[in-house]
Amino acid sequence: MQRYILRRLAQLVPSLLLITFMVFALMHAIPGDPARMMLGAGEQLDAKQLEIVRREYNLDKPLPVQYVLWLAKAASGDLGRSTASQRRVGEELLLRASVTFQLGLFAWLIGAAIALPAGVISAVYRGRWPDMLATMAAVGAVALPGFWLGIMMILLFGVTLGWLPTRGYVALGDDPLGSLRHMILPAVALGITSSAVVMRQMRSALLEVLAQDYIRTARAKGLARWPTVIGHALRNAMLPVITVMGLEIGRIFAGSVVIETLFGIPGMGRLMVQAVFQRDFPVVQGCVLVMATAVLVINFVTDILYAVLDPRIRYDG
Amino acid sequence: MALRDGVRRRTLLKASLLGAGSTVLLARHGRAQAEKPQYGGKLRVAYQLAPGALDPVVGRSGGDAYYWRQFVDQLVDADPALNPRASTSLAESWDVSDPKKVELKLRKGVLFHDGTPFNAEAVKFNVERLLDPATKATPRAAFTAVDSVTAVDEHLVRFNLKRPWGSVLSTLADRGGAMNSPTAVKAMGADYIFKPVSTGPFKVAEYVSGSHVRFVRNEKYWGRDAAGNPLPYLDEIVVNTVSDPTVQVAALKAGEMDLIYVPYREVGNFENNPTYNMRKFDGGGIALTLQYNTMKAPLDDMNLRLAVAHAINPEAINKAVYFGRAIIAKGGMWPTGSWAYDPTVARPTYNVAKAREYLKLGGKPNGFELDAMLWPSELNTPTAEIIRAQLGAIGIKLNLKVYEVTVATEKFNYGQETPIFMTSWSRYPEPDWNASLIYRSDGYYNAGKRKDDRLDALIDAGAATADIAKRKAVYRQVDEIVLGEAHMVPMLYGVTYAAAPKHVMGIDEVFGWDAKMYLHRMWLKKS
């Protein structure tokens, strides 16, 4: 097990290298000279200023050299300064990432809180009205764009009913209750799409398990329906669900780009969008590095969880 | 300074004030003055764009002004029509009569927020800082007429000029005329960008990246209102970044914001509304303009350029896309409300018969294929569809090339990829800014770099004097050429709308000459 963990951890490094290099290459493939973009793509362009910018940010060097220079600094913990705001990327990311992680975690929990019970009920009452209702809701939720749902919730809960703030962010440390109130709408908007996917997975996995012989045996020996489902079926059905829930983290990060912009949450998604438009390479690279690391680590944790959930799985080979 | 970048252009769309609008504003202004302002309170403002920088000199985005205007004073301030206004300026008076130099007499007893005295040496430091290419100052190009700066005495500063600088007073009312504390600039280095220190009515108290900027009252501010009361009235201002206009409106209605810009589609909801005041600024930008590359086929032929301009009906676009809230352009690129605006110049207007005639004159009576550059937005995308249909009616087949705004700007002006660009423009009431950027042979927005000796000579003549009557005559001639021969044909002027609950006072004075928000004189009425 330990050897397996170590090996998996070592595998994270080439994945990260590949991801950062691809993003680096893609950013340079987007039309628009970064130095010209930096100076405002226009009238105030001035040959002398352009030269200074190119030198300062190594833009005068070949692409692979630029990447290696960035990598060498990043490895020592220095992600450079934003080309747009001149702020240190590391400092900025530290602030922004904690916000996105808080939002993401909350959205993920809301998604799970809706999806798991709905999936179980759906499977147990297969083909009857609770199943139909849950399935229809899930199809609807997958089809809803998060930003539209967000706006509708802002209008209903923020303006018409006045129950929750329409936008903004309060740090958890400053005001825990206020922070939670600000997080509810964006987290629901973000979590609901992923809840639909998880719910469908929960349903089909549980159905498969419920059809197995040992479940029939359990019922035959007189165990009631719900103790059978919860005590015997659920744990075996959870493996594929955990996988999907792990993958949903990636989707939640992707969705946070839109939701953070809509709700004015100073997170990483919003930072990255702005940086892409401004061709702010150091910031884009920094965001990608953090998000990619987070997704890889979560996938890694998911794999380890398998072993915890299913004692038959051992990673010794 | 024109269309500084994409971000700026987007702001433009929402922005705008003058002409008939300014009369209304003045009348309301008189009424508001009757009430005695109350001190205290916090004003919460929503604005679409986060600041790219707080230091006015290095910021690139037009949206930055919504932040830095609150904590700076201009060396030479201007009223909404861009007439210099000494009473709110750091210079008490100026002498621009000598084409070789400009002299400014500075206000006495003004301190930067850090206690550094504001004087001639500080002005010299600021101008030299922005002229140094290593500063990467945004307004550097606008200051290239300056050869050197002399601090004649504590309160008299002289700019020694390489060539005449007719737009000096307008230029000092923009970024380059905002003064930074020399002590703070030297002490902070790169960190200064988000911790600026100036002389204005508010000080920057807090900057939270991606969220908001908080300003607090400058207790030692020199400014007084007309009744002699010390400014400012408010204790605090928070400018929040709220990207989505729908959310801005929702936040205002939920009572979480005190002042927002109103998108065109929402204006009807705030008109004659018992709960909110709304004010507008006509000509806050050029909402839609046809920018031509006059050297690129097929639009290197003037007749075909005119055919395109005559075939487009801005009235239909205004109705369908702008809810009838924009203004049909009657002049050129200096919009309504600026002294250079001249609606009497002959210009191409919607006329299908004329459009067909010009097609024949251009040798393409059955039309032609045309590539057009476009950047997508809630307003631009439907507009382009309407234009495509209108041009299709005379046989011109429009192929749209769509890129995100900064890229489209670069690809049109620098890459010369298409003969026409459908875009919008910031409010640049100083005609020399647009003239030297769009019409001069070396102007960045002269995409084909067409060399026109007539225009170059006129632009030099306009820049050579500070006499407004003389300059007005010059820019009329520029308009006659560029509109008559279709170099750049504005179709719609924008109108900027701002709304606030009724207890928010001072909204009559909220728009500056650039149609951006000035919160210096706002106050909150306690019920």
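The sections below set out a description of the structure shown in this document. What you are looking at is a predicted structure, and each value in this text was computed from that prediction instead of being measured.

**Concerning the overall build of chain A**
Here is step 1 of the chain: Within chain A, the secondary structure is distributed over 12 helices and 0 strands.
Here is step 2 of the chain: Summarising its shape, the C-alpha atoms of chain A cover approximately 85 × 60 × 35 Å along the three principal directions.
Here is step 3 of the chain: The burial tally for chain A puts 38% of its 317 residues in the buried class.
Here is step 4 of the chain: When contacts within chain A are restricted to residue pairs at least 6 apart in sequence, long-range pairs at least 24 apart make up 72% of them.

**Topic: the pairing of strand β7 (residues 156-161) of chain B**
Residue and element names in this part refer to chain B.
Here is step 1 of the chain: Examined bridge by bridge, strand β5 (residues 101-106) and β7 share 5 bridges and lie antiparallel to one another. What sits directly across from K105, in β7, is L156.
Here is step 2 of the chain: Examined bridge by bridge, strand β6 (residues 146-153) and β7 share 6 bridges and lie antiparallel to one another. Looking at the pairing, T150 lines up with R158 of β7.
Here is step 3 of the chain: Following β6, the chain reverses through 2 residues before pairing antiparallel with β7.

**What about the packing of helix α10 (residues 225-263) of chain A against helix α11 (residues 268-277) of chain A?**
Residue and element names in this part refer to chain A.
Here is step 1 of the chain: Remark: α10 packs on α11, axes separated minimally by 7 Å, with the N-to-C direction vectors making an angle of 80°. The orientation of α10 with respect to α11, classified from their angle, is roughly perpendicular. Within the contact between the two elements, α10 uses F253, S256, V257, E260 and T261 and α11 uses G269, R270, M272 and V273.
Here is step 2 of the chain: Residues belonging to the contact of α10 with α11 are distributed by class as follows: 4 nonpolar, 3 polar and 2 charged.

**What to know about the sheet that holds strand β1 (residues 42-47) of chain B**
Residues and elements named next belong to chain B.
Here is step 1 of the chain: Spatially, 4 strands are ordered β1-β10-β9-β8 in an open sheet, and the strand pairing comes out mixed. Either end of the sheet is taken by a strand with one partner, and the two such strands are β1 and β8 (202-208). The average undirected angle you get between the axes of adjacent strands in this sheet is 20°.
Here is step 2 of the chain: Alignment of β8 against strand β9 (residues 212-217), held across 6 bridges, turns out to be antiparallel. Bridge pairing in β9 places K203 opposite V216.

**Some thoughts on the environment of B:A251**
Here is step 1 of the chain: Within the element layout of this structure, B:A251 appears in helix α7 (residues 245-253).
Here is step 2 of the chain: Expressed as a C-alpha distance, the spacing of B:A251 and B:A46, which sit 205 residues apart in the sequence, is 8.6 Å.
Here is step 3 of the chain: Setting aside its immediate chain neighbours within four residues, B:A251 contacts A:T166, A:R167, B:A46, B:V242, B:E256 and B:M257.

Parameters and conventions
Residues numbered from 1 in each chain as written. Chains lettered and ligands numbered in written order. Predicted model: local features only at pLDDT ≥ 70, side-chain atom pairs only at ≥ 80, totals over all residues. Helix = DSSP H or I, 4+ residues; strand = E, 2+ residues; numbered from the N terminus. Buried ≥ 20, exposed ≤ 12 C-beta atoms within 10 Å, placed from the backbone. Contact = placed C-beta atoms within 7 Å. Pairing = 2+ DSSP bridges. Axes fitted to C-alpha atoms, helices over the stretch in contact; angles between N-to-C directions. Parallel < 35°, antiparallel > 145°, perpendicular 65-115°, else oblique. Nonpolar A, V, L, I, M, F, W, Y, C, P; charged D, E, K, R; others polar.

Just geometry here; none of it tells us what the structure is for.
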